[in-house]
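Here is how the chains run, residue by residue.
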Amino acid sequence: MKTIYKLATLTLMMLAASLYGFSQKPPKASGPENLERGIIGPVTSNGSWSGYSTLALIPGAGLIPVTNTNTVLYIGFTAGAEADISNMVLYTTPRGSSTISTVTPITLGGISNPSIDLASATVCPIIEISAVNPCIVRLDPVKLTLSALSDYYFVVYFTASDPNNSAIGLTDPSFGQSSLRGTYITGNETTLGVGGSIPSSLSFAGQPYNLMYVMND
């Protein structure tokens, strides 16, 4: 009888422990989380960006179901001493549409036209930046909750006729494993307004230049 009693007691204890385990909520993730699958693996360097706009598509269809009230963009550099940016914006469109519904300024240090000192150890911990050691810069958080019902276009215009920008290199992913897509175009594409359209001539078939990660805060 003692043996049967012990087995019954052990079974009840294991069942209680199992139920307790299932009743607990999974631990919350600590720190920033990806909102889209970011750049994975090595990058190459693509240089000479004076007078060009880079455009990165953040597709609503690729959003990871992570709660966010702030959105933080990270950009990568592989060469140069200083990047001079004239403007940065994030266009919102209905999913699958090219018509702009919202224009959100993107800033670094509170301004949308920063000069980024790539030779500073506080900006790039590894001074000799390269494709092997890219410098990844965290832009200011934006109070924006990304929605699967929308698409987002992050556009950076690098100041024209600028020798610094002629010497910079941007990250160019080696493998197409990210949900992010991208392209580039000559001229300033950061001045489009609500009701305007993302240029139909652009093809977002490849990985993005410069944009590395889209995360919460």
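Just so it is clear, the structure is predicted and the values come from calculations on it, not from any experiment. (Residues numbered from 1 in each chain as written. Predicted model: local features only at pLDDT ≥ 70, side-chain atom pairs only at ≥ 80, totals over all residues. Heavy atoms only, no water.)

S.K.: Give a detailed account of the overall build of the protein, specifying residues and quantitative values.
M.R.: The secondary structure content of the protein amounts to two helices and 11 strands. Helices and strands appear in the protein in the N-to-C order α-β-β-β-β-β-β-β-β-α-β-β-β. By the burial criterion, 43% of the 217 residues in the protein qualify as buried. For the protein, the share of sequence-separated contacts (at least 6 apart) that also reach a separation of at least 24 residues comes to 86%. For the protein, the exposed area adds up to about 11200 Å²; of that, 59% sits on carbon and sulfur atoms. (Helix = DSSP H or I, 4+ residues; strand = E, 2+ residues; numbered from the N terminus. Buried < 20%, exposed > 50% of the residue type's maximum accessible area, 1.4 Å probe, protein only. Contact = heavy atoms within 4.5 Å. Areas by Shrake-Rupley, 256 points an atom, 1.4 Å probe, with all protein chains shown as cover.)

S.K.: So, the nonpolar core: which residues are in play, and what are the values?
M.R.: The biggest cluster of nonpolar side chains holds 35 residues, and the ones touching the most others in it are Ile58, Phe77, Ile116, Leu118, Leu139 and Phe154. When sequence neighbours within four positions are dropped, the list of residues in contact with leucine 118 reads Phe77, Ala79, Gly80, Ala81, Glu82, Ala83, Cys124, Ile127, Ile129, Cys135 and Ile168. (Core = buried A, V, L, I, M, F, W, Y, C linked by side-chain atoms within 4.5 Å.)

S.K.: So what's going on with the pairing of strand 3 (residues 72-79)? Which residues, and what values?
M.R.: The buried fraction of strand 3 amounts to seven of the eight residues, a majority that puts the element mostly inside the structure. Pairing of strand 3 with strand 11 (residues 211-215), which is carried by four bridges, proceeds in the antiparallel orientation. Residue pairing across strands places isoleucine 75 opposite leucine 211, the latter belonging to strand 11. Judged from the four bridges that link them, strand 3 and strand 7 (residues 135-138) form a sheet pairing that is antiparallel. Paired with phenylalanine 77 across the bridge in strand 7 is cysteine 135. In terms of strand pairing, strand 3 meets strand 9 (residues 169-173) through two bridges, oriented antiparallel. Looking at strand 9, one finds that alanine 79 is bridged to glycine 169. (Pairing = 2+ DSSP bridges.)

S.K.: Quick one: what's the story with the environment of valine 137, residue by residue and with numbers?
M.R.: Along the chain, valine 137 falls in strand 7. In this structure, the C-alpha to C-alpha distance between valine 137 and leucine 211, residues 74 residues apart in sequence, is 9.7 Å.

S.K.: Can you tell me about the packing of aromatic side chains, naming the residues and giving the values?
M.R.: In this structure the tally under the stated criterion is seven aromatic pairs. Here tryptophan 49 and tyrosine 52 contribute two aromatic rings whose centre-to-centre distance is 5.9 Å and whose plane-to-plane angle is 80 degrees, an arrangement assigned as edge-to-face. The interplanar angle of 85 degrees and the centroid separation of 5.5 Å between the aromatic rings of tryptophan 49 and tyrosine 184 together place this pair among those described as edge-to-face. On the criterion of sequence distance, the pair formed by tryptophan 49 in the loop between strand 1 (43-47) and strand 2 (52-58) and tyrosine 184 in strand 10 (residues 181-186) is long-range, its members being 135 residues apart. Using a relative accessible area of 2% as the deciding quantity, one classes tryptophan 49 as buried. An aromatic cluster is defined as three or more aromatic residues linked by ring pairs; in this entry it consists of Trp49, Tyr52, Tyr184 and Tyr209. (Phe/Tyr/Trp six-rings, centres within 6.5 Å; stacked < 30°, edge-to-face > 60°.)

S.K.: Before we move on, can you summarise the side chain of asparagine 165 with the specific residues and values?
M.R.: Mapped onto the fold, asparagine 165 is located in helix 2 (residues 163-167). Its relative accessible area of 0% is what places asparagine 165 among the buried residues.

S.K.: Which residues make up unusual backbone geometry, and what values do they have?
M.R.: In this structure, serine 48 takes a positive phi of about 65 degrees despite not being glycine. With respect to the secondary-structure elements, serine 48 resides in the loop between strand 1 and strand 2. Residue classification places serine 48 among the partly exposed positions, given a relative accessible area of 41%. One non-glycine residue, asparagine 210, adopts positive backbone phi at about 80 degrees. Assessed through its relative accessible area of 0%, asparagine 210 is described here as buried.

S.K.: Which residues make up the confidence of the model for the protein, and what are the values?
M.R.: Fine structural detail should not be taken from predicted coordinates in areas where pLDDT scores are low. Considering every residue of the protein, the mean pLDDT works out to 88; 86% of them sit at 70 or more. A low-confidence stretch, residues 1-28 (pLDDT under 50), is modelled with zero contacts involving residues beyond four sequence positions or located in other chains. (pLDDT = per-residue confidence, 0-100.)

S.K.: Outline the side chain of glutamine 207, listing residues and values.
M.R.: With respect to the helices, strands and loops of the structure, glutamine 207 is situated in the loop between strand 10 and strand 11. Here the side chain of glutamine 207 touches serine 178 through a polar contact of 3.3 Å, landing on its backbone nitrogen. Sequence-distant contacts of glutamine 207, defined by excluding residues within four places in its chain, comprise Ile39, Pro173, Phe175, Gly176, Gln177, Ser178, Leu180, Arg181 and Gly182. (Polar contact = N/O pair within 3.5 Å; in protein donor to acceptor, adjacent residues only side chain to side chain.)

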